[in-house]
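This is what each chain is made of:
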Amino acid sequence: MTMKIVHRPPSVSDTERPVPRWAMRLAYALPLLLLPACLWRLPFALHFTMGQEAQEGSLPAYWLSIPYVLGLSVLTEVIALLTIGLVRGWGEVAPAWIPLIGGRRVRPMAAVVPAVLGGLILTFLFTAVPLGDGRALTLYGVVDSVGYSNGAWEALATACVTPIAAWGPITIALAIAYYRRRRTAVAVAG
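Residues numbered from 1 in each chain as written. Predicted model: local features only at pLDDT ≥ 70, side-chain atom pairs only at ≥ 80, totals over all residues. Heavy atoms only, no water.

On the surface, Met109, Val113, Leu117, Leu120, Ile121, Phe124, Leu125, Phe126, Leu139, Tyr140, Val143 and Tyr179 cluster together into a nonpolar patch covering about 1100 Å² of accessible area. Top contributing element to the nonpolar patch by residue count: helix 3 (residues 108–125), with 7 residues. You can see Tyr179 is positioned in helix 5 (residues 167–189). (Patch = residues over 30% accessible without salt bridge, like charges linked within 9 Å, V, L, I, M, F, W, Y side chains within 5 Å. Areas by Shrake-Rupley, 256 points an atom, 1.4 Å probe, with all protein chains shown as cover. Salt bridge = Lys/Arg side-chain N within 4 Å of Asp/Glu carboxyl O. Helix = DSSP H or I, 4+ residues; strand = E, 2+ residues; numbered from the N terminus.)

This brings us to the packing of aromatic side chains. Enumeration according to the criterion identifies 3 aromatic pairs in this entry. Ring centres of Phe126 and Trp167 lie 6.2 Å apart, and the angle between their planes is 20 degrees; this geometry places the pair in the stacked category. Placement of Phe126 in the loop between helix 3 and strand 1 (129–132) and of Trp167 in helix 5 is noted, with a sequence separation of 41 residues between them. (Phe/Tyr/Trp six-rings, centres within 6.5 Å; stacked < 30°, edge-to-face > 60°.)

The next point concerns the nonpolar core. Counting 24 residues, the largest nonpolar core has Val87 and Leu174 as the members making the most contacts within it. Taken together, the elements giving at least two residues each to this core come down to helix 1 (21–45), helix 3 and helix 5. If sequence neighbours within four positions are ignored, Leu174 has contacts with Ala23, Leu26, Ala27, Thr83, Leu86 and Val87. In this structure, Trp40, Tyr148, Ala157 and Cys160 belong to the second largest nonpolar core, which totals 6 residues. (Core = buried A, V, L, I, M, F, W, Y, C linked by side-chain atoms within 4.5 Å. Buried < 20%, exposed > 50% of the residue type's maximum accessible area, 1.4 Å probe, protein only. Contact = heavy atoms within 4.5 Å.)

By secondary structure assignment, the location of Thr76 is in helix 2 (residues 62–82). Residues Thr76 and Leu35, spaced 41 residues apart in sequence, show a C-alpha to C-alpha distance of 8.7 Å.

So, about helix 1. Taking 1.5 Å of rise per residue, the 25 residues of helix 1 would be expected to cover 36 Å, and the 38 Å separating its terminal C-alpha atoms lies within 8% of that figure. The largest bend along helix 1 measures about 35 degrees and falls at Ala29, with the proline Pro31 one to four residues further on. Among the residues of helix 1, Ala23, Met24, Ala27, Leu30, Pro31, Leu34, Ala37, Cys38, Trp40, Arg41, Phe44 and Ala45 are the ones counted as buried. Count one or two residues on from helix 1 and you reach His47, which has phi positive near 70 degrees. (Expected span 1.5 Å × (residues − 1). Bend = angle between axes of the 7 residues up to and from the residue.)

Each pocket or cavity is described by its volume, and for the largest pocket that value is around 1600 Å³. Residue lining of the largest pocket: 39 residues in total, with Gln52, Phe126, Val146, Tyr148 and Val161 positioned closest to the centre. The set of elements that each furnish at least two residues to the lining of the largest pocket consists of helix 1, helix 2, helix 3, strand 1, strand 2 (135–138), strand 3 (141–144) and helix 4 (151–161). The element that contributes the greatest number of residues to the lining of the largest pocket is helix 2, accounting for 7 residues. When its residues are assigned to classes, the lining of the largest pocket shows 26 nonpolar, 9 polar and 4 charged. Of the voids in this model, the second largest pocket is the one considered here, and its volume is about 720 Å³. Taken together, 28 residues form the lining of the second largest pocket, with Leu82, Trp90, Ala110, Ala111 and Pro114 sitting closest to its centre. (1 Å grid on protein atoms, 1.4 Å probe; cavity = no way out; pocket = protein on both sides within 12 Å on 5 of 7 lines; lining within 4 Å. Points joined across faces, edges and corners; volume = space filled by probe spheres on them. Nonpolar A, V, L, I, M, F, W, Y, C, P; charged D, E, K, R; others polar.)

Taken together, the 4 bridges between strand 2 and strand 3 define a ladder with antiparallel strand orientation. From the neighbouring strand, Ala136 faces strand 3, where its bridge partner is Val143. Between the end of strand 2 and the start of strand 3, which pair antiparallel, lie 2 residues. (Pairing = 2+ DSSP bridges.)

If you want it as structure tokens, here you go:
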């Protein structure tokens, strides 16, 4: 009895060496994983607090909040999309339309170092150690958790925002897989 595959494996024809299936799936899933946090953030631009108990006068003016929140959401998704370069050919050879470096091979460390450093920064930014009594230890020190008007808003916030904590570790894992694949390709070619 032979097993039938219900889907086709992802194409890896544009890379020198085959990309592990887990890395390909994780790289393409990352922008979708971060999308709920980006969408959760958007109403704050118009001062809709999504059930958070905000203090009066604590929200910035619209001329500041709208471009900031929209820009942050777009930047988050763009950076997440760039991690796909760690599993695709344009992460090995720079696209021809890029000035000065277009068409040249990307040195493995030129992609790995920024990806690992970015992953470490993201891990520290989005990791909080709960201390109890509604407080958590973060990169910024001990902070109080945000209060919500009811449990439904808090559950929605948790479901939308919690996956962003995986962004840093996923980026680091993809960078390590990229390095291992490219190091092997360099060793074989050299």
